[in-house]
Amino acid sequence: FLNPTKQLHVALITLKLDEASKSNNIDDLDAYVGLVTYKVNDKNTLGLNYTYIHNADTDTQLSNIGLHANGNVSGLGYKGELDIQLGSNGSPSMDYKGYGIMMGLNYNVNPINIRGSFAYGSGDDDTDDNIEDFQTFLGADQRYTLVYEYRVATTAGATQTGISNTTYYNLGLDYAPTKDLSTSLDGYILRASKTANGVSKNAGWEVDAKVVYKVAKNLKYQVDAGYLHSGAFYNDVLSPVDNKNATVLRHILTLSF
């Protein structure tokens, strides 16, 4: 990486997303990233990134072009990102045509921070040979919801798929009653971006709560609770039809050094 000016940051990055075999690298999933961020002023930043993902064994060649911005204008915080995916996979070749959008606003009325966000990841209706699902390569970290994304099969058909074939509507509050204690409450409406004929897009709604207590300077204790009320989507795609509502309680002790 280099910083030609105080405002401009440029970086080249390589990532090993998956190592299927240690004996060779033709079945590995590798990523090559170029990124540029520009600090417009002390409160506002713009960025552009390009990622090329390659797997020789499956003939995967996926490109992701991303634009993002974040900052604060007159006390109103904002963030946004647009990702467009191109490339091909397999033989016969199938073209990638996915995209993702994220937008968020927040306003701080001390000691309460009010947040709202929207995220959309494209889905595939399986009517052609294109791959229209927004492709994600994620670990087991929480990014949006605690239950839907982190612990159950999403509308993309697996766990930890991020916004792939998912539309999020979110409203949240942060409250810090003391310097050592912070809390948050989030509500989500969840929908599938694309479904087959006769399958509902209603994936349900979720409520998440979090409490973080600073035990010491470098020690934090966190408790998370989440409840997912499943929608008609799960009744349409799962059999036998049961109550698919789910509750998660998680606690984390973090030591930083």
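Remember, it's a predicted structure, so these values are computed and weren't measured experimentally.

Quick notes on the rules
Residues numbered from 1 in each chain as written. Predicted model: local features only at pLDDT ≥ 70, side-chain atom pairs only at ≥ 80, totals over all residues. Heavy atoms only, no water. Helix = DSSP H or I, 4+ residues; strand = E, 2+ residues; numbered from the N terminus. Contact = heavy atoms within 4.5 Å. Areas by Shrake-Rupley, 256 points an atom, 1.4 Å probe, with all protein chains shown as cover. Core = buried A, V, L, I, M, F, W, Y, C linked by side-chain atoms within 4.5 Å. Buried < 20%, exposed > 50% of the residue type's maximum accessible area, 1.4 Å probe, protein only. Pairing = 2+ DSSP bridges. Polar contact = N/O pair within 3.5 Å; in protein donor to acceptor, adjacent residues only side chain to side chain. Patch = residues over 30% accessible without salt bridge, like charges linked within 9 Å, V, L, I, M, F, W, Y side chains within 5 Å. Salt bridge = Lys/Arg side-chain N within 4 Å of Asp/Glu carboxyl O. Lys, Arg positive; Asp, Glu negative; His and termini not counted. Charge placed at Lys NZ, Arg CZ, Asp CG, Glu CD.

A. Quick look at the overall build of the protein chain. Each helix and strand counted, the protein chain has one helix and 13 strands in total. Counting from the amino terminus, the protein chain carries its helices and strands in the arrangement β-β-β-β-β-β-β-β-β-β-β-β-α-β. Principal axes of the C-alpha set define a box for the protein chain whose edges measure 60 × 60 × 40 Å. Considering only residue pairs separated by 6 or more positions, the protein chain has 47% of its internal contacts joining residues 24 or more positions apart. Carbon and sulfur atoms form 57% of the exposed surface of the protein chain, whose accessible area is close to 15100 Å².

B. Geometry of the nonpolar core. By size, the foremost hydrophobic cluster in this structure holds 20 residues, and its most contacted members are V147, Y148, V152, Y168, L190, L228 and Y234. Among the secondary structure elements, those contributing two or more residues to this core are β10 (181-192), α1 (232-237) and β13 (246-255). The leading source of residues in this core is β10, at three residues.

C. The pairing of strand β4 (residues 60-73), seen in detail. Across twelve bridges, the pairing between strand β3 (residues 44-55) and β4 is antiparallel. Bridge pairing links N55 to T60 in β4. If you look at the hairpin formed by β3 and β4, you'll find four residues sitting between the two strands, and D59 has a positive phi there, around 55°. Two elements, β4 and strand β5 (residues 76-89), share 13 bridges in a ladder whose sense is antiparallel. Its bridge partner lying in β5, L62 is registered against G87. Counted along the chain from β4 to the antiparallel partner β5, the turn is two residues long, and its residue S74 has a positive phi close to 55°.

D. Spotlight on the side chain of Q222. Topologically, Q222 is positioned in strand β12 (residues 219-230). Among the residues examined, Q222 registers a relative accessible area of 18% and is labelled buried. Polar contacts involving the side chain of Q222 include one to the side chain of D224, which spans 2.8 Å. The contacts of Q222, once residues within four sequence positions are left out, are K210, V211, V212, R250, H251 and I252.

E. Inspection of a positive patch on the surface at higher detail. Taken together, the side chains of K179, K210, K214, K217 and K220 make up a positively charged region of the molecular surface. Mapped onto the elements of the fold, K220 is located in strand β12.

F. Spotlight on the environment of L185. Positionally, L185 belongs in strand β10. Along the chain, L185 and A225 lie 40 residues apart, while their C-alpha atoms are 9.7 Å from each other. With residues near it in sequence (within four places) discarded, L185 still touches R115, L171, G172, L173, V207, D208 and A209.

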